[in-house]
Amino acid sequence: MSHTARTSSAFGGMGPEMIGQVLTRASSSTYPAWWARVTASGYCAHPIHLTRQDTAGTSLIYARCKNRRTAVCPSCSDLYAGDTWHLVHAGLGGSDTVPATVADHPAVFATLTAPGFGAVHSTRADETGASRPCHLGPARTCRHRRAASCALVHRDDDERLGQPLCADCYDYTGHVLTIWHTPALWDRFTRTLRRLLRAEHGAGIRVSFVKVVEMQTRIIPHIHSVIRLDAATRTGTPTPPAKAISGEQLSVLVQRAAASVHLDVLAPGGEVRTLRFGNQIDTQILADTTGATDSAVLGRKVAGYLAKYVTKSVADAGLAPHRINPAAIDHLAVSDHVRTLLHTIVNLSEEIPEYAAMVTWLHTLGYRGHITTKSRRYSTTMGALRAVRAAYEQAAAARHRSIRGDAETESGDAADTEWAFTRAGHKSAGERYLAVTAALKHREGLWAARQLGDTSSPLVQFTHGDTDVGGGR
Ligand SMILES: [Zn+2]
Ligand SMILES: [Zn+2]
Ligand SMILES: [Zn+2]
């Protein structure tokens, strides 16, 4: 999706009222002070307004909302993506706290997909990247007398994408059960992989990983993960496994583990269904002890993929990030596919006592896990990254104040400073529009720098003007 498409979908286009608000804001005498606050918040789309009171007087400051979702706040979601980038990259290339030798551990990038539950409209490409028709099949119609094939080449913004060719043929129960049990499937996968490693290469090897869950257009999670092998030491610092294991060998075991994992779960009518990953399991060797791969380049690329996935969310399916009342399902502005998934969740939660809690997860379409998870020793943590950023900003702010010769430098600590929450969010859709367009412009520059491989100080690039004084998510 392009930036413009996302802005207009997330921000509802621009009506005369909003144009009026933009003009009022831009021509007001308080515009420079307001824009300075917006810039200092990193162009946050939903800033927390804080009043700061200290010996110098009272001032208003905007703090970031810190929402992960692009649809809520492009700027804060970029920040989250930046942290994810560092988290993933540190585990492949090293960082302040992770030794650079991790680059030589056997590692693969694996994507575990969900199986299909019926034909859906999709974009396809052949090996050359050329577009192919959506869904060609021998049968002309299904038993519901609907078209069983689709010869169209869909555009990226086609609303039919991800929707089944026939909703009555589509296995909604299997689909929902798979979303619900995805965390358990992943858990089984990691345990199976550890068992296979032990059987093949003996004890003394630890599996470290970071994974990001991406909701596909058909609203089913795919798991993208970096899987790295370490020596099973007691210390926190990762060291290479004592036994030489090639990236190829690890890749084979990942494939075998993913293919063998299955989970028997309850289904309607007292049935038991067996859930599995889809048979499209992709593994790419990132590094091995032979040094045959250019792990530095691949590491950056993979960190980039994962950083982009985290900013997507079910919000892109038209759902707000809070609980949904089942009675409201028919009134939501969502696709028929999403609506049927929601009804299927409600039905399952009513019919099978073990799934009673499902109904409280309508807003995530039954996905209960985190978007990003990592094993303890993979690399640094999000908390550590935020601490580094906070320290950097404090130092930068202090430098800035001393350049200006502010008296604040002396008083220094926060003891005489008081903060009060005033409100959250911009005062009008027009103000929000101005902040968001600036955020999107700023982002283009950041991603361009990253794609060129400029990793000199992405943490700093991502925190341009961030006033991180707590609050928000
Ligand atoms: Zn924000
Ligand atoms: Zn189609
Ligand atoms: Zn049908």
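Note that the structure is a prediction, hence the values are computed from the model and not measured.

> Hey, could you run me through the environment of Tyr31 in this one?
Of note, Tyr31 is situated in helix 3 (residues 31-40). Accessibility expressed as a C-beta count within 10 Å gives 13 for Tyr31, which makes it partly exposed. Residues contacting Tyr31, with those up to four places away along its chain left out, are Arg25 and Ala26.

> Would you take a moment to explain the sheet that holds strand 3 (residues 107-112) for this structure?
Pairing between the strands of a sheet is mediated by backbone hydrogen bonds and can be parallel or antiparallel. Spatial ordering of the open sheet is given by 10-3-7-6-11, a layout of five strands whose pairing is antiparallel. Each edge of the open sheet carries a strand with a single partner, namely strand 10 (282-287) and strand 11 (372-374). If you compare each strand with its neighbour and ignore which way they point, the axes differ by 15 degrees on average. Across eleven bridges, strand 6 (residues 205-215) lies against strand 7 (residues 221-231) in antiparallel orientation. Among the inter-strand pairings, Arg206 is bridged to a residue of strand 7, identified as Asp230. Lying on the sheet, helix 5 (residues 172-201) is in contact with strand 3, strand 6 and strand 7; it crosses strand 6 at an angle near 155 degrees.

> Can you walk me through the confidence of the model for the chain in this structure?
Low-pLDDT stretches of the model should not have their predicted coordinates read in fine detail. The share of residues in the chain with pLDDT of 70 or more is 83%, and the mean pLDDT across the chain is 82. Confidence, expressed as mean pLDDT per element, reaches its minimum in the chain at helix 12 (residues 458-462) with 35 and its maximum at strand 8 (residues 262-267) with 97. Every residue in residues 1-11 is under pLDDT 50, and counting partners more than four places away or in other chains gives 13 contacts. Long-range and interchain partners of residues 406-412, a stretch whose pLDDT sits below 50, account for nine contacts in this model, where long-range means more than four residues apart.

What counts, and at which threshold
- Residues numbered from 1 in each chain as written.
- Chains lettered and ligands numbered in written order.
- Predicted model: local features only at pLDDT ≥ 70, side-chain atom pairs only at ≥ 80, totals over all residues.
- Helix = DSSP H or I, 4+ residues; strand = E, 2+ residues; numbered from the N terminus.
- Buried ≥ 20, exposed ≤ 12 C-beta atoms within 10 Å, placed from the backbone.
- Contact = placed C-beta atoms within 7 Å.
- Pairing = 2+ DSSP bridges.
- Axes fitted to C-alpha atoms, helices over the stretch in contact; angles between N-to-C directions.
- pLDDT = per-residue confidence, 0-100.

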